[in-house]
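# Summary of the model geometry
Read off the chains here:
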Amino acid sequence: MPNRRLAKAQRQRPRAAAWAAALSASVLLVTACSGDPRGDDENVILIGVSLPLTGDFSEPGKGVQRGYEAWVEAVNRNGGLLGKRVELKILDDQSAADRVVQDYEALIALDEVDLVFGPFSTRLVIPSARVAEEYEMLFVEPAGAANEVFEQGFENLFYAAPAVANDHYNHLADHILSLPEDERPQTVAVASMDDPFAQSTAYGLRDRLREGGLEIVVDEEYPPNTTDFSSIAAKINASGADMVIGGTQYQDAVNIIVQLRQLDYQPKLAAFSTAPTNPEFAAAIGARTEGILSPTGYTPDAPYPSNVEFVELYQEMFGTPPAEDEANAYTTGQVVAAAVEAVGCAEQGECQERLVDWLRENEVETIVGPLSWDAQGRPEGAHLIQQYVDGEIRIVLPEETQEAEFVYPKPEW
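Residues numbered from 1 in each chain as written. Predicted model: local features only at pLDDT ≥ 70, side-chain atom pairs only at ≥ 80, totals over all residues. Heavy atoms only, no water.

Below, the discussion takes up the confidence of the model for the protein. In this model, the protein carries a mean pLDDT of 90, and residues with pLDDT of at least 70 account for 90%. Under a pLDDT of 50 for its full length, residues 1–34 has, in the predicted model, 41 contacts with residues more than four places off or in other chains. (pLDDT = per-residue confidence, 0-100. Contact = heavy atoms within 4.5 Å.)

Given two aromatic rings, their pairing is described by the distance between the two centres and the angle made by the two planes. Throughout the structure, instances matching the rule amount to 12 aromatic pairs. Between Tyr-222 and Phe-229, the aromatic rings sit 4.8 Å apart at their centres with planes inclined by 90 degrees, giving edge-to-face as the arrangement. The pair Tyr-222 / Phe-229 is uniform in exposure class, with both members buried. Following the ring pairs from residue to residue traces out a cluster consisting of Tyr-298, Phe-310, Tyr-314, Phe-318 and Tyr-330. Stacked on the ring of Tyr-203, the Lys or Arg Arg-206 has its end atom at 4.0 Å from the ring centre. (Phe/Tyr/Trp six-rings, centres within 6.5 Å; stacked < 30°, edge-to-face > 60°. Buried < 20%, exposed > 50% of the residue type's maximum accessible area, 1.4 Å probe, protein only. Lys NZ or Arg CZ within 6 Å of the ring centre and 35° of its normal.)

Attention shifts here to helix H13 (residues 350–361). With 12 residues, H13 should reach 16 Å at 1.5 Å per residue; the first-to-last C-alpha distance of 18 Å fits that figure. Along H13, the residues that are buried comprise Cys-351, Gln-352, Leu-355, Val-356 and Leu-359. The buried residues of H13 all sit within an arc of 140 degrees when viewed along its axis, so they share a single face. Exposed side of H13, more than 90 degrees from the buried face: Glu-350 and Glu-361 are the residues found there. (Helix = DSSP H or I, 4+ residues; strand = E, 2+ residues; numbered from the N terminus. Expected span 1.5 Å × (residues − 1). Arc of directions from axis to C-beta.)

Our focus in this paragraph is the state of the cysteines. Covalent bonding between the sulfur atoms of two cysteines defines a disulfide. Scanning all chains against the criterion turns up one disulfide. Here Cys-345 engages in a disulfide with Cys-351; their sulfurs sit 2.1 Å apart. Judged by the torsion about the S-S bond (95 degrees), the Cys-345/Cys-351 disulfide is right-handed. Overall, the relative accessible area of 5% leaves Cys-345 in the buried class. By relative accessible area, which is 2% here, Cys-351 ends up buried. (Disulfide = S-S within 2.5 Å.)

Right, let's talk about the nonpolar core for a bit. Membership of the largest hydrophobic core comes to 106 residues, with the highest contact counts inside it found for Ile-47, Val-49, Trp-71, Ile-236, Phe-272, Leu-359 and Trp-413. Sorting elements by how many residues they give to this core places helix H12 (residues 324–343) first, with nine residues. If near-sequence neighbours (up to four positions away) are discounted, Phe-272 is found in contact with Tyr-169, Val-244, Gly-246, Thr-248, Ala-253, Ile-256, Ile-257, Ile-292, Leu-293, Ser-294, Pro-295 and Trp-413. In terms of nonpolar packing, the next biggest core, distinct from the first, is built from 24 residues, Ile-176, Val-190, Ile-245 and Phe-406 among them. (Core = buried A, V, L, I, M, F, W, Y, C linked by side-chain atoms within 4.5 Å.)

Turning next to the sheet that holds strand S10 (residues 292–296). Overall, mixed pairing links the seven strands, which are arranged S7-S6-S8-S9-S10-S13-S14 in an open sheet. The strands lining the two open edges of the sheet, one partner per strand, are strand S7 (215–222) and strand S14 (392–397). Strand-to-strand twist of the sheet, defined as the mean angle between neighbouring strand axes without regard to direction, takes the value 25 degrees. Where strand S6 (residues 187–193) meets S7, seven bridges bridge the pair, whose relative direction is parallel. Bridge pairing in S7 places Val-188 opposite Ile-216. Most of the contacts of helix H9 (residues 251–262) go to strand S9 (residues 269–272), to which it runs at about 155 degrees, and overall it touches S6, S7, strand S8 (243–247), S9 and S10. (Pairing = 2+ DSSP bridges. Axes fitted to C-alpha atoms, helices over the stretch in contact; angles between N-to-C directions.)

In structure tokens form, the structure reads like this:
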């Protein structure tokens, strides 16, 4: 591996230098406006991040920002990393792939950050991971869960969550297919954003159910900027599907549910990725959330010691319990910190390879439980299934972890 990396580095460094020179004019304003938290202080470890704080992914992007900020606060309260204070430099990629590339090139080549954390969404993780790979930087990320991420040949990437997107609904699929045939749903409607993560979560469940004998009666895809779901909602309503699956982020799920309610479509099961974990979800749909399902890699009630500390700190800082996006961001920090403390370094150069090699060989204790990865950076765990029960979102599957009984059929929304 080291020889291959050395050859790769020799090929890529001229390109990296050229990028840095080209970027100095195009992104200087961005970095200058953001400021350098490190300044001349050598007793600071500076971590660079680009997040979608505006645009299509701004809602979960801000959640990731809060999670990163909570991790920094926790680390600094406990003496920092390697005895140094940790600072973040966060840029707004505006939910745009070209902008996220510019941001990470600037953070690494111009600002010379010591470490980088990943952005939100598979759409932004893949292009930013390419930049990190070119500069031979460790790249731990909180939100690139689609299979596409792990098919790029990245050597430095690790996903900081329990499972990849295609497997998020495995426990739900197992439960549905375990029901007697005359009790389980028979027909399924699917609507998914044209987004690798959203599609992977929805299609993973869709394919499992189809293989189990359920009929897929609607299978729609829509662009990320869609706001009018009336035609898709009409197709789902006309199908009379027993179950609806939404491959969603946040606002799209809210809009779909609102328009399905207007048509008085009442499925026996409804599952949406990401959106139900957002604290604003219930108020946004303006309806009864009872029975709505979503996969999650996190619950604030998890008994892991670091999670108890995280929940207390997060509530102190932001006034509400953390959700999954915030937790995955905090987990990203925990994973990187474990490698830094074990290896004893945090800077660009040869240190990055040592951090990567350590993570390849070790398990890390986190707020979502112990994490380890395969050679492509896939976590080797499973997601939980949560459902709104008695007005609160609770873990319902698998049975050995459930906080409430699985609700089926879903009450009217």
